[in-house]
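In case you want the letters, here they are:
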Amino acid sequence: MRSSCMFLQIMVILFITVTNIGAQTQPLTNKKLLRPFNNTISALFVFGDSTVDSGNNNYISTVIKCNFPPYGRDFLNHIPSGRFTNGRLVTDFAASYIGLKELVPPYLDPKLSLEELMTGVSFASAGSGFDPITAQLSGVIPLQKQLEYFKEYKRRLENAIGEERTKLLISKAAFLVSAGTNDFLVNYFSTQFRSKTYTVSAYQHFLLQHVQQFVQDLLAEGARLIGVVGVPPLGCLPVLITLNHHSPLQHRECIDSYSAVGKEYNWHLQNLLKIMRIHGTQLVYGDIYNSLNDMIQNPNHYGFDDVSSGCCGSGLFEAAIFCNPNSIVCNNASEYIFWDAVHPTQATYYNLFRSLRPIIDSVIKQ
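What counts, and at which threshold
- Residues numbered from 1 in each chain as written.
- Predicted model: local features only at pLDDT ≥ 70, side-chain atom pairs only at ≥ 80, totals over all residues.
- Heavy atoms only, no water.
- UniProt positions renumbered as here; feature names shortened; annotations may be inferred.
- Disulfide = S-S within 2.5 Å.
- Helix = DSSP H or I, 4+ residues; strand = E, 2+ residues; numbered from the N terminus.
- Buried < 20%, exposed > 50% of the residue type's maximum accessible area, 1.4 Å probe, protein only.
- Patch = residues over 30% accessible without salt bridge, like charges linked within 9 Å, V, L, I, M, F, W, Y side chains within 5 Å.
- Areas by Shrake-Rupley, 256 points an atom, 1.4 Å probe, with all protein chains shown as cover.
- Salt bridge = Lys/Arg side-chain N within 4 Å of Asp/Glu carboxyl O.

Where an unreviewed UniProt entry is consulted, the protein chain appears under the name GDSL esterase/lipase At5g45960-like isoform X1, with the organism given as Nicotiana sylvestris. The Sequence similarities (unreviewed entry) field of the UniProt record for the protein chain holds the comment "Belongs to the 'GDSL' lipolytic enzyme family."

Here it is, written out as structure tokens:
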């Protein structure tokens, strides 16, 4: 595994991480959603990176944006919403399944109604990570700033519905945190900011300390149900294969050394969440590593034809501004695991949601 100068090549584009395609692309309506198991989840609050950013980066000064075609090609009315994919995210599918609403909007959207605020928003920012330096590299919203936005959100809600109702809503809400990939790929493996000081193992534990602090901060703000998502098989991202394989055009296999780092980090993360559990709270680990890896290893089972390049452009390195209205785009994104060279397609996100559904069910039954 090498730590190279590829930072200048990928700092703009390397921001991530995560069947029934007809149902995914139907126009979304305001129909009343069913509540499986008659669950009482009040809202969904989301923190993290581009895997769960539904458009917050549209409202900040950064080049890490995707509010232009072909992003959003299969989204409602083909709108490029700011989601780094062709359609919906795992969080959108989850909110719809729980019975909250069809889409999780970005908190920074100034047009949000009180109802939208009360049923949940995303504070996530593409390019962010647990390590504060990661967000600084791209000029995006750090996790701690996302937490500050949540505190601001609570004040807005208290002014609108009162302190007690706000406290109850927060206590019955689900919180989701999805970050970590950028810390490794954009930060540790691409710059010397951390690699000069930390071994890989030491950096993993450094990140986990930030995870622990962030979870504790959410608990202090009234959260009682928190899910933390692990990282994917890092070495399977198309851009990583392109930049690190000796013959990326002919041989586009996953780079196991990168993926192994993510797998080890996930193991430690899962153990950390077990240790942190206290009475009256639920801390849940979300595994996307194994499900995404299974899609890559068994693509036919999921209806995929391409597992190592993106639908947009050449599929080898394009993402964010390099995947734009001038890019050539594949005809059927549902045949691709990756939409651009970094981010999954809507079809992949839907499969990831399905893999996480047993965990969601076990949580909302309680």
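### Focus: the state of the cysteines
Counted according to the given criterion, the structure contains three disulfides. One disulfide in the model links Cys 311 with Cys 330; its S-S distance is 2.0 Å. The disulfide joining Cys 311 to Cys 330 has a torsion of about -100° about its S-S bond and is therefore left-handed. Of the two residues, Cys 311 is situated in the loop between strand S5 (306–310) and strand S6 (336–338) and Cys 330 in the loop between S5 and S6; the sequence distance between them amounts to 19 residues. Note on Cys 311: relative accessible area 3%, which makes it buried. We classify Cys 330 as buried; its relative accessible area is 10%. Numbered in order of appearance, the disulfide-bonded cysteines of the protein chain are paired 1-2, 3-6, 4-5. Summary of cysteine pairing: Cys 66 is not part of a disulfide, and the nearest cysteine sulfur, belonging to Cys 323, is at 8.9 Å. In this structure Cys 66 comes out as buried when scored by relative accessible area, which is 1%.

### Comments concerning a nonpolar patch on the surface
Together, Phe 317, Ile 321 and Phe 322 make up an exposed nonpolar region whose accessible area comes to about 260 Å². Tracing the sequence through the fold places Phe 317 in the loop between S5 and S6.

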